[in-house]
Amino acid sequence: MEKTDLRETVSFKAAVLVILAAAVVFAFILGNVVGTMDISVSDIIDTVSGNHTGTNNKVIWNIRLPRMILAALVGINLALSGSILQGVMKNPLADPSIIGISSGAGLFGIVILVIFPQWQNFVPIAAFGGAMLAAAIIYLLAWKGGIDPTRIVLSGVAVSAIFQAGTTLIQYFASDTQVASAVYWTFGDLGRASYKTDLIMFIVVAVSTLFFFLKRWDFSAMSGGIAYAKTLGVNTRFMTIMSLLLASLITSVTVSFLGIIGFVGLTAPQFMKRIVGDDYRYLLPSSFLAGALLLLISDILGRLPIFGTSVPVGVVTSLIGGPVFLAILLRRKKNESENI
C-alpha cells in the first residue's frame, strides 16, 4: 500500500489556508498597533466599536486603518498577478516588475515629478498611462501569430532597459530636491493611503480575483503545458491574453498610486507553490493570502524603530525578494545541470 504524501491531501491544504488567514488577521491588527504613537489592541477595539474618541481615534481611522487595508489589497493584487503570470508563461521568474511594466509607470511618474512638478496631482494618471504604454509595446513586440511567453520576457527586458535609461537621464539633469522626490516615489510607499485609494484598489482586486478564480481549472490545466491544456478544451490564447491584460492593469494601478513595489508577485506564489503544489484551486487562494501577509509584514518591519525612521515598504519587499530571486535562479541552474 502506497503511503500518501500529507502535502497532497485536501485537509493539509485547507489547514494551510486557515493558518494563512489567521496570520493575515493577526498582522492586520499588529499593523494598527505598531507606530510612533502607542496604541493598544484594546484601543483599537474601543475605536472600532465607537467607544473611543480623541487622538487615537483619528490615528486609527485616518492613518493606520486605510494603510493596512491598502497593504493587504496591494499584496493580494501583486501575488495574484505573479501567480498567474508564472503559470501562463511557464516561468517561475515571471513578475510584473520583472517583465517591464513597472518601468513604464516609473518613467512617466518621474516625468511629472521632475519636469512638470506643478502637475503632481496627475502623477497617478501619468504612471497608469506609462504602465499601459509599456505593456502595449511589450505585447506588440511579442506578438507573432499569438503571444509567446518567452518573447514577452525578452521584450519586457528590452523595454524595461529603455524606460529605465530614460528615468536615469531625467534624474541626471534634475536638482537634488527633484531627485530625492522622484527616488522616494519609486521606492513604493503606503504613506499615501486613503479610503479613496482603498476603494479603487478593492475594485481591481474584485475584478481580477473573480476572473482568476472562475478560470482556476483552466490555469491548472495550463500549468501542465499549452498542448495539454488544449486537449482539455482550454482556449489558451484567450486565457493568455486576458491574464496578461489583467496583470498589466493590476501593476499599473498599483504603481500609479504607490510607486514600484517589487518581488511580491515573485515571492508569494513561489513560496506557496512549494507548499500546496500547482493546483490553482489551492495555489490562487494561498498566494492571495500570502501576498497580503507579506506586504503587511513588510510594512510593519519598515515602521519598526530599528531603522530610526519609517522605511518605504518597497525597500523591505526588495530586501526580502532579492535573495528569493537569487535562490530561484540557483535552483534552476542546479536542476538544469542535473538534467544534462
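Residues numbered from 1 in each chain as written. Predicted model: local features only at pLDDT ≥ 70, side-chain atom pairs only at ≥ 80, totals over all residues. Heavy atoms only, no water.

Okay, the nonpolar core next. Taken as a class, soluble globular proteins show a tendency for nonpolar side chains to be buried jointly. Core analysis: the largest hydrophobic core is formed by 50 residues, its most contacted members being Val74, Phe212, Phe219 and Ile261. Elements represented by at least two residues in this core include exactly α1 (10–33), α3 (55–89), α8 (195–214), α9 (216–222), α11 (236–258), α12 (264–276) and α13 (280–302). For this core, the element with the most residues is α3, which contributes twelve residues. Those residues within four positions of Val74 in sequence are excluded, and the remaining contacts are Met201, Thr254, Leu258, Ile261 and Leu295. Leu85, Ile112, Val123 and Ala247 belong to the second largest nonpolar core, which has 29 residues in total. (Core = buried A, V, L, I, M, F, W, Y, C linked by side-chain atoms within 4.5 Å. Buried < 20%, exposed > 50% of the residue type's maximum accessible area, 1.4 Å probe, protein only. Helix = DSSP H or I, 4+ residues; strand = E, 2+ residues; numbered from the N terminus. Contact = heavy atoms within 4.5 Å.)

With that settled, consider the side chain of Arg64. Relative to the helices and strands, Arg64 resides in helix α3. According to the relative accessible area criterion, Arg64 is buried, its value standing at 6%. Only 2.9 Å separates the side chain of Arg64 from the backbone oxygen of Val33, close enough to count as a polar contact. Among all residues touching Arg64, those that are not within four sequence positions of it are Gly31, Asn32, Val33, Val34, Gly35, Thr36, Met37, Ile39 and Val59. (Polar contact = N/O pair within 3.5 Å; in protein donor to acceptor, adjacent residues only side chain to side chain.)

Inspection of the secondary structure assignment puts Ser220 in helix α9. Judged by relative accessible area, Ser220 falls into the buried class, the value being 17%. Dropping the residues within four chain positions of it, Ser220 is found in contact with Asp278, Asp279, Tyr280 and Arg281.

Treat this as a map of the structure, not an account of what it does.
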